[in-house]
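Per-entry structural report
Each chain is listed here by its residues.
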Amino acid sequence: MPSSELPTHPTPSTESVRTFERYREIIPDYEGFLEASRQPLPAHIRVNTLKIGVEEARELMAERGYELEPVKGIEEAFRLHQPKRPGSTLEFFLGYYHIQGLTSMFPAKILDAQPGEIVLDLCAAPGGKATHLAQMMKNRGLVVANDTTIDRIAILRSHIDRLGTTSLLVSRYDGRIFPTRILFDRVLLDPPCSGEGTYRFGRTSPLSTDPGVVRRLAGLQQRLLRRALDLLRPGGTLVYSTCTYAPEENEEVIHPFVTNGEVEVLSIDIPFPHSPGLTSWGEKIFHTDLAKALRIYPNQVDSWGFFIAKLRKPR
Amino acid sequence: MLSFASRDEHGQILTYFSTRFGIPGGSFDGFCFIKSGNTVWGVSGVPGLAEILSGLKLETAGIPLLRMKKTLWKPTTAGLQSFGHHATRNTVELNDETLGVLLREGFLVGDLCLEPGFVIMKWTGRVLGCGLYSKGSLRSQVPAESWRQIRGKGDIQEI
């Protein structure tokens, strides 16, 4: 069922409510958060400026009866009210736009890769962020998009062909042992996570209802971050992002690398409401610089919930 | 295994696009041709590409441009969507009506002023992808899954 057709006021499952209850103290306006999570997820698209200008795309789609609403703060982003099946249009087939959650566009924007640079997206499939990076670099750099599973890579490949991202190279390594023969100017690490931020009531409960899953994911994320930092050139920047709220998968993963001086946390400037990263969670204390990371909840930006940190490796 | 096309192969690829579609060689300036099996890929020619190609085991690079079989070279829809707007011949312009027929029937019959073989299908000036013109009939060579998606209920106006 398309997200746009979700019932507007589904009953939250007891399990889901219990999962989020532990965030009552850290999520601003918790009741507002629950209410936002009951609403259907809005559809957003990113105009693929490798193939068409933003204004030309807007005019073409308006002529064809699309109902588009610009997103203030990201020129290429639009909220899409019509059509209901944006993956079945000629414009989609032509590669004029990509269907992408609004907050999913933030990591590439924040990484801010430049033409001529060599960038790694370590866990790239299905490819929304990697193709966005290639777009931002105007196809005049190189993005190595890595992922492990063939099925997910097949989806990534179909997006590359449709969007015309000639600067994207696809590899299939286990990210934890990605070869360190090449150092990258920038790295995006968007590792597998428990996906709490993609949850809207009425859907299946988030993975984090099982605390064991969060523990296993946190271990994987830490090993991926270890390797991602090994692949980053001195002075290079890395964006770590997840679509989950669990501090165990976010601040706690990054904290040891900040504490031992391997990375510094950079401030992030985005024109969207957000909350700072956590500096404590229960009895755990995190490095104070982790407050420079972002937490985004659906009652702040009506999209997926996200955690994003921007890190720099000292020279 | 991906490797750069040889100088000769590079020239043959440019000649193919120039001869068949009138796409000038200069349209590919700034791009490299990379081969794997019978596929030619078009990749942004950026410093560092050679090091990555030799340092990493890549699955694919850039977008596919051509499938090369012994005597038959077939351009891809992805490649034509990116470079086909430079073409001056063997292109067929479709409007909503003729595209609707092609989507519904799977072929379009008529004298379309095309040489037999692979052609570039356009819709209102925008490159849709690869078609095959043979015996007065045009058939889509767009990957089946993509074609199915845009076919919808056979009405291209439905969005």
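Residues numbered from 1 in each chain as written. Chains lettered and ligands numbered in written order. Predicted model: local features only at pLDDT ≥ 70, side-chain atom pairs only at ≥ 80, totals over all residues. Heavy atoms only, no water.

**Side note on the domain arrangement of chain B**
All names here are of chain B. By the assigned domains, chain B splits into domain 1 (3-75) and domain 2 (90-152). For domain 1 versus domain 2, the distance between C-alpha centres works out to 25 Å. The interface is formed by six residues belonging to domain 1 together with nine residues belonging to domain 2. Between domain 1 and domain 2, a total of about 650 Å² is buried, with carbon and sulfur atoms accounting for 57% of that surface. It is Arg 20, Phe 21 and Lys 74 in domain 1 that bury the most area against domain 2; as a group they hold 76% of the surface buried on that side. There are one salt bridge connecting domain 1 and domain 2. On the surface where domain 1 and domain 2 come into contact, there are five residue pairs in polar contact (both at pLDDT 80 or more). Residue assignment for the side of domain 1 that touches domain 2 shows that the elements contributing at least two residues are α1 (7-21) and β6 (73-75). Top element by residues in the side of domain 1 that touches domain 2 is β6. It accounts for three residues. When the residues that make up the side of domain 1 that touches domain 2 are grouped by side-chain class, the tally is four nonpolar, no polar and two charged. (Domains from an automatic or database assignment. Contact = heavy atoms within 4.5 Å. Buried area = accessible area lost by both parts, 1.4 Å probe. Salt bridge = Lys/Arg side-chain N within 4 Å of Asp/Glu carboxyl O. Polar contact = N/O pair within 3.5 Å; in protein donor to acceptor, adjacent residues only side chain to side chain. Helix = DSSP H or I, 4+ residues; strand = E, 2+ residues; numbered from the N terminus. Nonpolar A, V, L, I, M, F, W, Y, C, P; charged D, E, K, R; others polar.)

**Thoughts on the interface of chain A and chain B**
On the side of chain B, 38 residues touch chain A, which itself brings 45 residues to the contact. Counting the contacts that link chain A with chain B gives two salt bridges. Its salt-bridge partner being Arg172(A), residue Glu59(B) comes within 4.0 Å of it at the nearest N-O pair. At the surface where chain A touches chain B, the tally comes to 14 residue pairs in polar contact (both at pLDDT 80 or more). Secondary-structure elements contributing two or more residues to the side of chain A that touches chain B are α3 (54-63), α4 (90-93), β6 (142-146), α7 (150-163) and β7 (168-171) of chain A. Grouping the amino acids of the side of chain A that touches chain B by side-chain chemistry returns 21 nonpolar, twelve polar and twelve charged. For β7(A) and strand β4 (residues 58-61) of chain B, the ladder comprises three bridges, and the chain directions are antiparallel. (Pairing = 2+ DSSP bridges.)

**Describing helix α6 (residues 128-136) of chain A**
Residue and element names in this part refer to chain A. By the criterion of burial, α6 is predominantly enclosed, with nine of the nine residues buried. Those residues of α6 that fall on the buried side of the exposure criterion are Gly 128, Lys 129, Ala 130, Thr 131, His 132, Leu 133, Ala 134, Gln 135 and Met 136. Where α6 ends, the next residue or the one after it, Lys 138, has phi of about 60°, a positive value. (Buried < 20%, exposed > 50% of the residue type's maximum accessible area, 1.4 Å probe, protein only.)

**Observations regarding unusual backbone geometry**
Most peptide bonds are trans, and most residues other than glycine sit at a negative phi. Here the bond from Gln82(A) into Pro83(A) is cis, since omega is 5°, no more than 30 degrees from zero. Note the cis peptide between Ala125(A) and Pro126(A), where omega equals 5°. Relative to the assigned elements, Pro126(A) resides in the loop between β5 (118-121) and α6. For Thr124(B), which is not glycine, the phi dihedral falls at a positive 45°. Taking the relative accessible area as the measure of exposure, Thr124(B) reaches 44% and is therefore partly exposed.

**Structural notes on the packing of helix α8 (residues 211-230) of chain A against helix α9 (residues 251-259) of chain A**
Residue and element names in this part refer to chain A. Contact pair α8 / α9: the axes reach a minimum separation of 9 Å and the direction vectors enclose 40°. The angle between the axes of α8 and α9 places the two elements in the oblique class. Pair α8 / α9 crosses with right-handed handedness. Together, Ala 218, Gln 221, Gln 222, Leu 225, Arg 226 and Leu 229 of α8 and Glu 252, Val 253, Ile 254, Pro 256 and Phe 257 of α9 make up the contact between the two elements. Considering only residue class, the contact of α8 with α9 consists of seven nonpolar, two polar and two charged. (Axes fitted to C-alpha atoms, helices over the stretch in contact; angles between N-to-C directions. Parallel < 35°, antiparallel > 145°, perpendicular 65-115°, else oblique. Left-handed = near helix turned anticlockwise from the far one by under 90°.)

**Description of the confidence of the model for chain A**
Summarising the model, chain A shows a mean pLDDT of 93, and 94% of its residues fall at 70 or more. Taken as a whole, residues 1-9 of chain A scores under 50 in pLDDT and shows 15 contacts with residues more than four places along the chain or in a different chain. (pLDDT = per-residue confidence, 0-100.)

**Some points on the side chain of Lys310(A)**
All names here are of chain A. Residue placement: Lys 310 occurs in strand β15 (residues 306-312). Buried and unpaired, Lys 310 has Asp 112 as its nearest opposite-charge partner, separated by 5.5 Å. Looking at Lys 310, its side chain comes within polar contact range of the main-chain oxygen of Ile 110, at 3.0 Å. (Lys, Arg positive; Asp, Glu negative; His and termini not counted.)

**Remarks on the sheet that holds strand β10 (residues 126-134) of chain B**
Residue and element names in this part refer to chain B. Spatial strand order, β7-β9-β10-β11-β8: five strands in an open sheet with mixed pairing. Whereas interior strands pair on both sides, the edge strands pair on one side only; in this sheet they are β7 (91-94) and β8 (107-109). Direction aside, the axes of adjacent strands within the sheet are offset by 35° on average. By the bridge criterion, three bridges tie β8 to strand β11 (residues 137-140) in an arrangement that is antiparallel. Bridge pairing links Val 109 to Ser 137 in β11.

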